[in-house]
Amino acid sequence: MRITYDAEVDALSIIFRETTVTTKHLAEGIAADYDAQGRLAGIEILNAVKRFGDSQTLRQIVLEGIGPAVKT
């Protein structure tokens, strides 16, 4: 997974897999990319700072539940 932010155009992109995609516009400035099997491959959010309230929101990323599954 790759997360990028382009400050020049205020766009946040989250790429789950690099592949050929079909883009579906979900709302004004929000698009989702799907692979040939219909799986989510990426998301793009335009006007990201404006939508999130301030640039500090983009400075911290917390990943929860990442790691190997624990077998009991």
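Right above here is the structure, for reference.
Structure report, in brief. Just so it is clear, the structure is predicted and the values come from calculations on it, not from any experiment. (Residues numbered from 1 in each chain as written. Predicted model: local features only at pLDDT ≥ 70, side-chain atom pairs only at ≥ 80, totals over all residues. Heavy atoms only, no water.)

1. Examining the overall build of the protein chain
Part 1 of the reasoning: Looking only at helices and strands, the protein chain features 1 helix and 5 strands.
Part 2 of the reasoning: Going residue by residue from the N terminus, the α and β elements of the protein chain occur as β-β-β-β-β-α.
Part 3 of the reasoning: In terms of principal-axis extent, the alpha carbons of the protein chain reach across some 45 × 30 × 20 Å.
Part 4 of the reasoning: Here the protein chain, with 72 residues, has 18% of them falling under the buried criterion.
Part 5 of the reasoning: Residue pairs in contact within the protein chain that sit at least 24 positions apart in sequence constitute 33% of those at least 6 positions apart.
Part 6 of the reasoning: Accessible area for the protein chain stands at about 5,900 Å²; split by element, carbon and sulfur atoms hold 52% of it.
Part 7 of the reasoning: Positive and negative charge centroids in the protein chain, built from 8 and 10 side chains respectively, lie 8 Å apart. (Helix = DSSP H or I, 4+ residues; strand = E, 2+ residues; numbered from the N terminus. Buried < 20%, exposed > 50% of the residue type's maximum accessible area, 1.4 Å probe, protein only. Contact = heavy atoms within 4.5 Å. Areas by Shrake-Rupley, 256 points an atom, 1.4 Å probe, with all protein chains shown as cover. Lys, Arg positive; Asp, Glu negative; His and termini not counted. Charge placed at Lys NZ, Arg CZ, Asp CG, Glu CD.)

2. Some remarks on the side chain of aspartate 33
Part 1 of the reasoning: Along the polypeptide, aspartate 33 turns up in strand S4 (residues 30–34).
Part 2 of the reasoning: Although aspartate 33 lies buried, it forms no salt bridge, and the closest oppositely charged side chain, arginine 2, sits 9.3 Å away as judged by the N-O distance.
Part 3 of the reasoning: In terms of polar contacts, aspartate 33 uses its side chain to reach the side chain of threonine 23, at 2.6 Å.
Part 4 of the reasoning: Setting aside chain neighbours within four positions, we find aspartate 33 in contact with Val21, Thr22, Thr23, Arg39, Leu40, Ala41 and Gly42. (Salt bridge = Lys/Arg side-chain N within 4 Å of Asp/Glu carboxyl O. Polar contact = N/O pair within 3.5 Å; in protein donor to acceptor, adjacent residues only side chain to side chain.)

3. Structural notes on the pairing of strand S3 (residues 22–27)
Part 1 of the reasoning: Pairing of S3 with S4 involves 5 bridges; the strand directions are antiparallel. Bridging from a neighbouring strand, lysine 24 pairs with alanine 32 of S4.
Part 2 of the reasoning: Where S3 folds back onto S4 in an antiparallel hairpin, the turn is made up of 2 residues, including glycine 29, whose phi is positive at roughly 80°. (Pairing = 2+ DSSP bridges.)

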